[in-house]
Amino acid sequence: MSDVRTPIPSNGGDWLPKFGGLWKSQIEILKDKFSASIEEVMFPGDDPTDVPVVYVKKDSIIEVLKFVKDEAQFQYNFLADYTAIDEEAQPRFEVVYNLFSHSKFSRIRFKVRCGENEEMPTLIPVWIGANWAEREIWDMFGIRFKDHPDLRRILMDQRWVGHPLRKDYPLRGYQVFTTPEPIDPKLLQD
Amino acid sequence: MDHFQQSLNKTMDLRIEKDPDDLWDDSKVIINIGPTHPAMHGAFRCMAKLNGEVIESSYSEFGYTHRAKEKLGENRTYHQFVVYTDRLNYCSALINNVGYSMAVEKLMGVELPTRCVWIRMMASEIARVADHLICIGISAVDLGAFSFFLYGFHQREEAYTLIEKLCGARLTTSYTRVGGLMHDAPDGWEKEVKAWAIKTRSVIDEMDKLLTDNKIWRIRTEGVATFNKEQCLAYSYTGPSARAAGVNIDLRRDQPYMYYRNVEFDVPTAQNGDSFDRYIVRIEEIKQSLNILIQCAEKIQKGPIWSEDKRVRIPDKDVVYNTMEGMIHHFKFFMTGFDVPQGEAYTQVEGGNGEMGFYIVSKGGPRAHRMRIRGPSFWHYQGFDPMIKGKLIGDLVAALGSINVIAGEMDR
């Protein structure tokens with residue numbers, strides 16, 4: 001069954017008829033403007049995805065996201081989700097940006113391929129709320145973000161070893177601490 | 001002019017230095033609130049540096065209830081994962097169940113019978129009312145209004161009785177299945193829901209009268225913990241907390257799923273984005289949800305609750321016990337799980353606190369390759385430190401109660 005690639009009917013079956021034209025024009029604009037940076041586009045109907053997935057080169061992702069946030073034809077002003085996937089391939093990780101437009105009510109997804117020891121650019125200048133999401137990606141996958149102001153672990157203890165959502169981390173990889181995590185006075189300095 | 005300004009500054013400095021009321025003498029105290037403090041709604045903590053009563057800086061920490069749900073999602077079958085979704089936002093577990101099942105159905109392309117969707121909608125709205133009642137009730141208790149909480153809590157218990165009639169559990173429901181429901185609603189359940197909605201509507205009016213114009217409540221919440229529209233968008237706020245600041249987005253209206261197109265409801269918004277606005281938006285949302293419930297109770301029809309898609313249909317018990325094929329189907333279903341075709345989808349529902357998203361990447365097979373859960377509280381709690389900076393320590397409680405951070409969906 002695993003090779004079945006059925007097209008995904010969208011939520012209620014109406015996303016592709018509703019947003020298909022908009023998505024096509026948006027991808028045309030992106031391909032024109034960032035022709036050197038766009039690696040691949042997955043489009044619903046042709047590929048097994050619910051919204052278009054645009055693979056962007058790592059160095060230009062911040063520029064692209066800034067563009068789609070403010071440009072009149074895009075207006076993807078809302079960072080709905082920000083996460084990563086361990087693909088167990090070369091390059092190892094995919095960092096995923098799920099965007100939502102509050103004016104057009106359409107969604108789109110951007111992805112960046114990132115190697116194991118590479119640094120990602122930080123999204124905080126575009127959406128300040130990306131801060132904790134990036135900390136979570138560092139915590140869970142071990143992807144570093146360049147120029148992140150406070151790249152500490154967020155869900156796990158600061159003394160944790162390893163990154164739990166990597167595929168090579170064992171399911172029962174318990175680590176037990178007998179003392180509570182100490183308060184870091186540096187974080188309260190002005 | 002400069003000279004004047006300088007001398008003024010000097011006098012101001014002197015005045016501050018010699019302020020007889022400044023008992024703390026500008027000293028800083030670091031206090032640690034949580035993880036088991038009663039004012040923190042769940043296991044998370046906030047370290048605050050105080051100057052007198054003013055919070056000068058703070059940082060928050062959570063993860064105490066991290067149960068590795070995303071890792072488990074990669075190691076459990078799609079059917080097994082339903083129970084884990086209860087423990088996300090445990091105040092409105094049914095919405096998580098519905099959202100998760102919708103996510104897998106979207107990946108597989110499963111069509112549902114109408115009765116199943118109506119019951120899911122009604123269950124979601126009951127859960128939303130219960131969620132909002134507990135949020136406004138507890139935030140009022142934190143600020144000293146106890147009887148208000150009891151009015152809401154009684155109706156919430158009644159709501160849980162309705163949920164219990166659906167699935168036998170009150171809090172951890174696990175009610176939905178991929179492609180259907182655990183059980184059909186019992187006979188007359190719709191009528192009971194309608195009666196409960198009408199009763200709750202009058203209780204909400206009473207609660208409204210009791211607290212909304214209360215002077216102490218107003219002083220404690222108005223202008224407290226303000227988060228404006230720009231901040232809400234920058235911090236990815238959704239749900240009632242964002243609508244209180246004027247972000248006019250409700251996924252039930254703007255990206256309609258299930259049958260929200262077929263019911264009429266308003267999306268209440270406010271402008272100031274303070275604690276009071278978050279409270280009043282929730283009160284109005286409860287009224288709208290009750291309206292939706294009454295409309296659903298009138299529109300729901302008898303019919304099947306299971307999709308006839310053989311991939312996901314759990315065989316009925318008489319088929320399992322009386323036919324060999326049914327027994328094998330049942331065995332295969334529960335021992336190996338069903339295959340989900342390769343693909344990826346992000347499915348969102350309007351949860352109690354905001355956008356509840358499930359981003360599932362499938363590479364085929366009975367387990368997900370990546371099971372990402374987007375809990376709104378994760379993003380809301382991030383705005384907590386900027387929200388309380390420079391405010392009084394007592395306002396921290398008002399802020400936290402009104403954004404309704406749920407540790408379950410934050411820590412996952």
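Note that the coordinates shown come from a computational prediction; the quantities given were computed from them, not determined experimentally.

Draft legend 1. A look at the confidence of the model for chain B. Across chain B, pLDDT averages 86, with 94% of residues at or above 70. Taken over the whole predicted complex, pTM reads 0.88, whereas the ipTM for its chain interfaces reads 0.88.

Draft legend 2. Spatial organisation of the sheet that holds strand β5 (residues 107-114) of chain A. Residues and elements named next belong to chain A. Taken in spatial order, the five strands make up an open sheet running β1-β2-β5-β4-β3, and their pairing is mixed. Because the sheet does not close on itself, it has two edges, and the strands there are β1 (38-42) and β3 (78-86). Between one strand axis and the next, the sheet turns through 20° on average, direction left out of account. Where β1 meets strand β2 (residues 53-56), four bridges bridge the pair, whose relative direction is antiparallel. Opposite Glu40, over in β2, you have Tyr55 as the bridge partner. In the packing of helix α2 (residues 61-70) onto the sheet, the strands contacted are β2, β4 (93-100) and β5, and the crossing angle to β5 comes to about 170°.

Draft legend 3. Geometry of the sheet that holds strand β2 (residues 45-51) of chain B. Residues and elements named next belong to chain B. The strand order β1-β2-β3 describes an open sheet built from three strands, whose pairing is antiparallel. Of all strands in the sheet, those bounded by a partner on one side alone are β1 (28-33) and β3 (54-61). Averaged over all pairs of adjacent strands, the angle between strand axes in this sheet comes to 20°, irrespective of strand direction. Where β1 lies against β2, six bridges are found, and the strand directions are antiparallel. Within β2, the residue paired with Ile31 across the bridge is Ala48.

Draft legend 4. Highlighting the packing of helix α7 (residues 189-211) of chain B against helix α12 (residues 275-299) of chain B. Residue and element names in this part refer to chain B. Interhelical geometry of α7 versus α12 gives an angle of 160° and a closest axis separation of 9 Å. With respect to α12, the element α7 is oriented roughly antiparallel. Crossing angle aside, the handedness with which α7 passes α12 is left-handed. Residues Glu190, Val193, Lys194, Ala197, Thr200, Arg201, Ile204 and Asp208 of α7 form the contact with α12, whose participating residues are Ile283, Ile286, Lys287, Leu290, Leu293, Ile294 and Ala297. When the residues that make up the contact of α7 with α12 are grouped by side-chain class, the tally is nine nonpolar, one polar and five charged.

Calculation criteria
- Residues numbered from 1 in each chain as written.
- Chains lettered and ligands numbered in written order.
- Predicted model: local features only at pLDDT ≥ 70, side-chain atom pairs only at ≥ 80, totals over all residues.
- pLDDT = per-residue confidence, 0-100.
- Pairing = 2+ DSSP bridges.
- Helix = DSSP H or I, 4+ residues; strand = E, 2+ residues; numbered from the N terminus.
- Axes fitted to C-alpha atoms, helices over the stretch in contact; angles between N-to-C directions.
- Contact = placed C-beta atoms within 7 Å.
- Parallel < 35°, antiparallel > 145°, perpendicular 65-115°, else oblique.
- Left-handed = near helix turned anticlockwise from the far one by under 90°.
- Nonpolar A, V, L, I, M, F, W, Y, C, P; charged D, E, K, R; others polar.

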